[in-house]
Amino acid sequence: MRMRRVEGETQTTASALRDYEARLDEAKGLAGAIDLEVAEALVAPVGQIRPATFLGKGKVEEIVGLLAGHDIELVVVDCALSPIQQRNLEKAWNTKVLDRTGLILEIFGRRAKTKEGALQVELAHLNYQRSRLVRSWTHLERQRGGFGFMGGPGETQIEADRRQIGERIIHLENELKKVRATRRLHREGRKRVPYRVVALVGYTNAGKSTLFNQLTRSDVQAADMLFATLDPTLRAIALPHGGKAMLSDTVGFISNLPTQLVAAFRATLEEVMEADVILHVRDISHEDAQAQQHDVDAVLRQLGIDPDAGGRILEVWNKIDRFNPAERENLRNIAARRPPEHPCFLVSAATGEGIDALLAAIEARLALASTTLDLSIDASDGAGISWLHRNAEVLDKRLLDGRFAMTVRVDETKRQIVVNRFAAVPHSTLTSPHVGAERSEARSRVP
Ligand SMILES: Nc1nc2c(ncn2[C@@H]2O[C@H](COP(=O)(O)OP(=O)(O)OP(=O)(O)O)[C@@H](O)[C@H]2O)c(=O)[nH]1
Ligand SMILES: [Mg+2]
């Protein structure tokens, strides 16, 4: 079913950086992502936020006028509305009103394909819904797909009271635990064969999936649509000198990504958090590229990744085919002046331009990437232990019969030293620390 709606774009301080038109376009893109037909879109300046209606009285009336005589079913207000504001606007306009969080949750609900994805989105939605128990809006009840967050019939929570929602949340959390336990086992299984992960992150629609296809020669869905990708995909990439790594494509980020969603997707994004190299894909041709970068950095921080730390993050400036030769030259100059710890690579995922240089950089970066080792060290070897703490990341340390069994992560420059000096062996998730210690001890006796 298609819906006609009016799009209300409002400015808040958080979005003051952004170009109004670009924000309005993005909001229209979000609506398009769930096949809404936008009848009207406008920017509504907000001098002072009204507790009851968010917008001023005049604006609310103006929109009443806009809606009159049109077959409008939904008004999207591209900001965060309180439940009361949402309800009051629905009354004033006699339509369903959706705020930015609600819209994004709705999109995610439609996109989730895996069980884990669906559970995560439903959980995020319920947490959002818990605070705003409003009766479902019956016009939209025959919505297909998704969870029908805008009022689908199969969803008990719409009609349910807080207690029922609470029970459902507990149920979902238990289901998620089960699904994640299985996934963790798979991941650990993969880890036994040491493989390195390169993860794609970036603003939604930046071209991550297109780049993924280009790098892996596969054919995952790439579309000019916000949040085309939701569930993570993992494929092998061949490196220039015969090596292999796994490339992970995942959900895109967006400004004001609902915190409930970031929390819900934390587990899915573990792959990214643990990746050896992170490619931050940017649509450098986008008028809002700068603001988008800030938003992506903010989400990375929420995930515990420091975007400024340098090292494993490589910036990819995508869509350079959209520039003329002079503009490209200018971009190249800007790129060349970047500090070496924050390199960036100019590519066109669409045409393949710049991909070889990017692959070479990934390979070089992976060569530096860290390795995890197990070792055993005499508990009285204070100098050795403190050297390890200074030069490696100590992931695990257990005292067993006067020796420490340690799991450490070191970068390539230190790997050989640790192997030689401490008889370290590649980390194995198969062995218990005790067995690992014995094995290391046995090794250390070998001359
Ligand atoms: N001109 C041009 N278009 C590109 C390039 N890379 C991607 N696109 C287009 O940008 C749009 C979005 O590409 P996707 O690869 O789906 O973007 P994404 O980052 O995976 O987006 P989400 O999964 O929605 O977050 C598609 O229409 C692509 O064809 C490029 O290098 N040049
Ligand atoms: Mg994608």
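Since the model is a prediction, treat every value here as computed from it, not as a measurement. (Residues numbered from 1 in each chain as written. Chains lettered and ligands numbered in written order. Predicted model: local features only at pLDDT ≥ 70, side-chain atom pairs only at ≥ 80, totals over all residues. Heavy atoms only, no water.)

## Details of the overall build of the protein chain
Inference 1: The helix and strand inventory of the protein chain stands at 16 helices and 14 strands.
Inference 2: Across the 447 residues in the protein chain, those meeting the buried criterion constitute 50%.
Inference 3: Considering only contacts within the protein chain whose residues lie at least 6 apart along the sequence, 69% involve residues at least 24 apart.
Inference 4: A total of about 21,000 Å² of accessible surface is found on the protein chain, and carbon and sulfur atoms cover 51% of it. (Helix = DSSP H or I, 4+ residues; strand = E, 2+ residues; numbered from the N terminus. Buried < 20%, exposed > 50% of the residue type's maximum accessible area, 1.4 Å probe, protein only. Contact = heavy atoms within 4.5 Å. Areas by Shrake-Rupley, 256 points an atom, 1.4 Å probe, with all protein chains shown as cover.)

## What to know about the pattern of salt bridges
Oppositely charged side chains can form a pair if their charged atoms are brought close together.
Inference 1: Applying the stated criterion to the full structure yields 20 salt bridges.
Inference 2: For Glu353, the salt bridge goes to Arg332, with nearest N and O atoms at 3.6 Å. Taken together, the residues span a long stretch of sequence, with Glu353 in the loop between β10 (344-346) and α13 (355-368) and Arg332 in helix α12 (residues 325-336) at a distance of 21 residues.
Inference 3: Of the residues examined, Arg332 reaches a relative accessible area of 34% and is grouped as partly exposed.
Inference 4: Connected through salt bridges with shared partners, the residues Arg23, Glu26, Asp78 and Arg100 form a single ionic network. (Salt bridge = Lys/Arg side-chain N within 4 Å of Asp/Glu carboxyl O.)

## Examining the side chain of Thr204
Inference 1: In this fold, Thr204 is placed in the loop between β5 (197-202) and α8 (208-216).
Inference 2: Apart from residues lying up to four places away in sequence, Thr204 is in contact with Met225, Leu226, Phe227, Gly252, Phe253 and Ile254.

## What to know about the site of ligand 1
Inference 1: The local shell around ligand 1 holds 23 residues, among which Lys208, Thr210, Ala228, Thr229 and Asp321 are the closest.
Inference 2: Ser348 has a polar side-chain atom sitting 3.2 Å from an oxygen atom of ligand 1.
Inference 3: Within the contact set of ligand 1, an oxygen atom lies 3.1 Å away from a backbone nitrogen or oxygen of Ala350.
Inference 4: Contact with the protein chains removes 89% of the 650 Å² of surface that ligand 1 exposes when unbound.
Inference 5: Sorting elements by how many residues they give to the shell around ligand 1 places α8 first, with three residues. (Near = heavy atom within 4 Å. Polar contact = N/O pair within 3.5 Å; in protein donor to acceptor, adjacent residues only side chain to side chain.)

## Examining unusual backbone geometry
Inference 1: The residue Asn94 is not glycine, and still its phi comes out positive at about 55°.
Inference 2: Given the relative accessible area of 68%, Asn94 is considered exposed.
Inference 3: One non-glycine residue with positive phi stands out, namely Asn205, at about 75°.
Inference 4: Within the fold, Asn205 resides in the loop between β5 and α8.
Inference 5: A relative accessible area of 25% means that Asn205 is categorised as partly exposed.

## Focus: the nonpolar core
Inference 1: The biggest cluster of nonpolar side chains holds 43 residues, and the ones touching the most others in it are Phe108, Phe227 and Phe265.
Inference 2: The biggest single contributor to this core is helix α4 (residues 100-111), with five residues.
Inference 3: Beyond its immediate chain neighbours, meaning those up to four positions away, Phe265 contacts Phe108, Gln120, Val121, Leu230 and Val251.
Inference 4: One finds Leu200, Val220, Leu247 and Ile355 within the second-largest nonpolar core, a separate group that totals 25 residues. (Core = buried A, V, L, I, M, F, W, Y, C linked by side-chain atoms within 4.5 Å.)

## Regarding the pairing of strand β7 (residues 244-249)
Inference 1: Of all the six residues making up β7, five are buried; the element is thus mostly covered by neighbouring parts of the structure.
Inference 2: Sheet analysis places β5 next to β7, joined by three bridges and oriented parallel. When the bridges of β7 are listed, Val197 appears paired with Met246.
Inference 3: By the bridge criterion, six bridges tie strand β6 (residues 233-238) to β7 in an arrangement that is antiparallel. Bridge assignment links Arg235 to a residue of β7, and that residue is Leu247.
Inference 4: The hairpin turn running from β6 into β7, its antiparallel successor, is five residues long, and Gly242 in that turn takes a positive phi close to 95°. (Pairing = 2+ DSSP bridges.)

## Digging into the sheet that holds strand β9 (residues 313-318)
Inference 1: Read across the sheet, six strands follow the order β6-β7-β5-β8-β9-β10 without closing on themselves; strand pairing throughout is mixed. Edge positions in the sheet fall to β6 and β10, since each has one partner strand and no second. Geometrically, the sheet is characterised by an average inter-axis angle of 25° between neighbouring strands, direction not taken into account.
Inference 2: With six bridges connecting them, strand β8 (residues 277-283) and β9 associate as parallel partners. Bridging across to β9, Arg282 finds its partner in Trp317.
Inference 3: Along the sheet, α12 makes contact with β9 and β10, crossing β10 at roughly 165°. (Axes fitted to C-alpha atoms, helices over the stretch in contact; angles between N-to-C directions.)

## Some details on the packing of aromatic side chains
Inference 1: The full count for this structure, using the stated rule, is one aromatic pair.
Inference 2: Between Trp387 and Phe422, the aromatic rings sit 5.9 Å apart at their centres with planes inclined by 40°, giving tilted as the arrangement. Linking Trp387 in helix α14 (residues 382-391) with Phe422 in helix α15 (residues 412-422), this pair joins segments that are 35 residues apart in sequence.
Inference 3: A residue is classified by how much of its surface remains accessible, and Trp387, at 14% relative accessible area, is buried. (Phe/Tyr/Trp six-rings, centres within 6.5 Å; stacked < 30°, edge-to-face > 60°.)

## So, the pairing of strand β4 (residues 96-99)
Inference 1: Residue alternation in β4 divides its side chains into two sets, Lys96 and Leu98 and Val97 and Asp99, and both sets are buried.
Inference 2: Relative to β4, strand β3 (residues 74-77) runs parallel, the two being bridged by four bridges. From the neighbouring strand, Val77 faces β4, where its bridge partner is Asp99.
Inference 3: Between β3 and its parallel partner β4, the chain crosses via helix α3 (residues 83-93), and the hand of that crossover is right-handed. (Right-handed = clockwise from strand over helix to strand, strands pointing away.)

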